[in-house]
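Structural overview for review
Residues per chain are reported as follows:
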Amino acid sequence: MTISAQSGPQSPRLEIHVERIRENARVISSLVASHGASTAGVGKVLRGHEFVVGALIDGGCAQYGDSRIANLAKVKDWRPGIETMLLRIPEISRCAEVVQVADYSLNSSIDTLRALSAACVDLDRRHKAIIMVDLGDLREGVWADDLLGVVTEAKALPGLEIAGIGANLACFGGVAPNPVNMGRLVELASECRRETSLELPMISGGNSSALPMLAAGTMPREVNHFRMGESIILGRNVYDRTPWPGTRQDAIRLVVEIVELERKPSVPIGHRGQDAFGESREFVDRGVRRRAIVNLGRQDAVVSGLVPDDPAMIILGASSDHLIIDVDDCERDWHVGDEISLSPDYGALLALATSPYVGAHVVQH
Ligand SMILES: *Cc1c(COP(=O)(O)O)cnc(C)c1O
């Protein structure tokens, strides 16, 4: 993603509709607030784009959360007043940077906490650490039996404030939050408070996958912080990717340009071997059809995660640099040079936002 507010009509481009992200942030952070909790808005899928960060904070998020140190560094350059949270477990080798750009970090190793503490002492800083516990999703987190030991050791480290405990679900193992695992998180926090007499004010309960429990009123009251990304940026319930009530799904558009439009048969002619990616494909014979080639390929996006705005378009497939779309059923008479707009899902967006070939265009209203 070439980050520039003026990249204008370059194509392909991501159009970032700032007002829609702000609206979505307001809907999600209000729901979280009605539970008595606060929200870190997560914009890592757009690499901490300045306008996205602004929209999240203006939409009611208490912190900006990102998995990359570089993105948090940009935020501190633009708006030093924004509280930042590093979501990926920090590298020991980068703890000095972490304490300079992140007010909070999520942690699961005492060695890293020691390195953060040393960096704080060196640089005369204070840093808030949240200790993550693994509730079964098997991504990051201290195993529950070891949590108290880690918190106890961390308590003694100078420069560090142990701000609370946290958990992350529905990422690696796909385990959804439920009253049992969230109840366990609360229990573990209580035990740590009791045994260490630390206040541990924050219980950071998870990501967008917590929304259904928040909406149903089944989230334990004690869980008072959430880190929300996809539900705000794309307006989706990450449990099944259905639209989240009250949010918009069109905050991010992908715009591409038609570079060829020809009538061609739908099945290749000639003896077939593997395609450019070592795959053998089946072709549906729809007869001779109008087919558009657009200026996007597998180098830029995960093509299976793209949905054209025109519902009559059929994405046939893509090679490295060419995306082929059947436009024969479209009402509109498409031409070479026309722009097509599509919705990227989270995986497609992740690739698009990091492709140097894809521009980013901010739409203010
Ligand atoms: C990315 C991330 C989030 C945000 O997840 P969404 O599903 O996009 O809401 C929250 N917490 C951590 C640790 C993350 O890495």
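Anything mentioned here points back to the structure above.
Nothing here was measured: the structure is a model prediction, and the numbers come from that model.

Reading the values: rules and limits
- Residues numbered from 1 in each chain as written.
- Predicted model: local features only at pLDDT ≥ 70, side-chain atom pairs only at ≥ 80, totals over all residues.
- Heavy atoms only, no water.
- Helix = DSSP H or I, 4+ residues; strand = E, 2+ residues; numbered from the N terminus.
- Rg over C-alpha atoms; globule rule 2.2 N^0.38 Å.
- Buried < 20%, exposed > 50% of the residue type's maximum accessible area, 1.4 Å probe, protein only.
- Contact = heavy atoms within 4.5 Å.
- Areas by Shrake-Rupley, 256 points an atom, 1.4 Å probe, with all protein chains shown as cover.
- Near = heavy atom within 4 Å.
- Polar contact = N/O pair within 3.5 Å; in protein donor to acceptor, adjacent residues only side chain to side chain.
- Nonpolar A, V, L, I, M, F, W, Y, C, P; charged D, E, K, R; others polar.
- Core = buried A, V, L, I, M, F, W, Y, C linked by side-chain atoms within 4.5 Å.
- Phe/Tyr/Trp six-rings, centres within 6.5 Å; stacked < 30°, edge-to-face > 60°.
- Lys NZ or Arg CZ within 6 Å of the ring centre and 35° of its normal.
- Axes fitted to C-alpha atoms, helices over the stretch in contact; angles between N-to-C directions.
- Parallel < 35°, antiparallel > 145°, perpendicular 65-115°, else oblique.
- Left-handed = near helix turned anticlockwise from the far one by under 90°.

Quick notes on the overall build of the protein chain
Helix and strand counts for the protein chain stand at 10 helices and 20 strands. Computed over the C-alpha atoms, the radius of gyration of the protein chain is 23 Å, within 12% of the 21 Å expected from 2.2 N^0.38 for a compact globule of 365 residues. Seen through its principal axes, the protein chain has C-alpha atoms that stretch 75 × 40 × 40 Å. Here the protein chain holds 365 residues, and the buried ones make up 51% of them. For the protein chain, the share of sequence-separated contacts (at least 6 apart) that also reach a separation of at least 24 residues comes to 65%. Looking at the protein chain as shown, the accessible area adds up to about 16,100 Å², and 50% of this sits on carbon and sulfur atoms.

Remarks on the site of the ligand
Neighbouring the ligand are the residues K44, L87, L106, R139, E140, N168, N207, S208, R227, M228, G229 and E230. K44 is positioned with one of its side-chain polar atoms (N or O) 2.8 Å from an oxygen atom of the ligand. Here E230 contributes a backbone N or O atom positioned 2.8 Å from an oxygen atom of the ligand. Coverage of the ligand by the protein chains reaches 93% of its 380 Å² of free accessible surface. For the shell around the ligand, the per-class residue count stands at three nonpolar, four polar and five charged.

Some points on the nonpolar core
Note on soluble globular proteins: their nonpolar side chains tend to be buried together. Ranked by size, the top nonpolar core spans 100 residues in total, and within it I21, L46, L113 and I252 carry the most contacts. Excluding residues that lie within four positions of it along the chain, L113 makes contacts with N107, A129, I131, V150, A154, L157 and L160. One finds V42, M85, L106 and A163 within the second-largest nonpolar core, a separate group that totals 10 residues.

Focus: the packing of aromatic side chains
For the coordinates displayed, the defined rule picks out zero aromatic pairs. If you follow K128 out to its NZ or CZ, it ends over the ring of Y104, 5.0 Å from the centre.

Some details on the packing of helix α6 (residues 144–155) against helix α7 (residues 179–196)
For the pair α6 and α7, the least separation of the axes is 10 Å and the interaxial angle reads 40°. Here α6 lies oblique to α7, going by the angle between them. Of the two possible hands of crossing, α6 and α7 adopt the one that is right-handed. Contacts from A144, L147, L148, V151, T152 and K155 of α6 reach α7 at R184, L188, E191, C192, E195 and T196. When grouped by side-chain class, the residues that make up the contact of α6 with α7 number six nonpolar, two polar and four charged.

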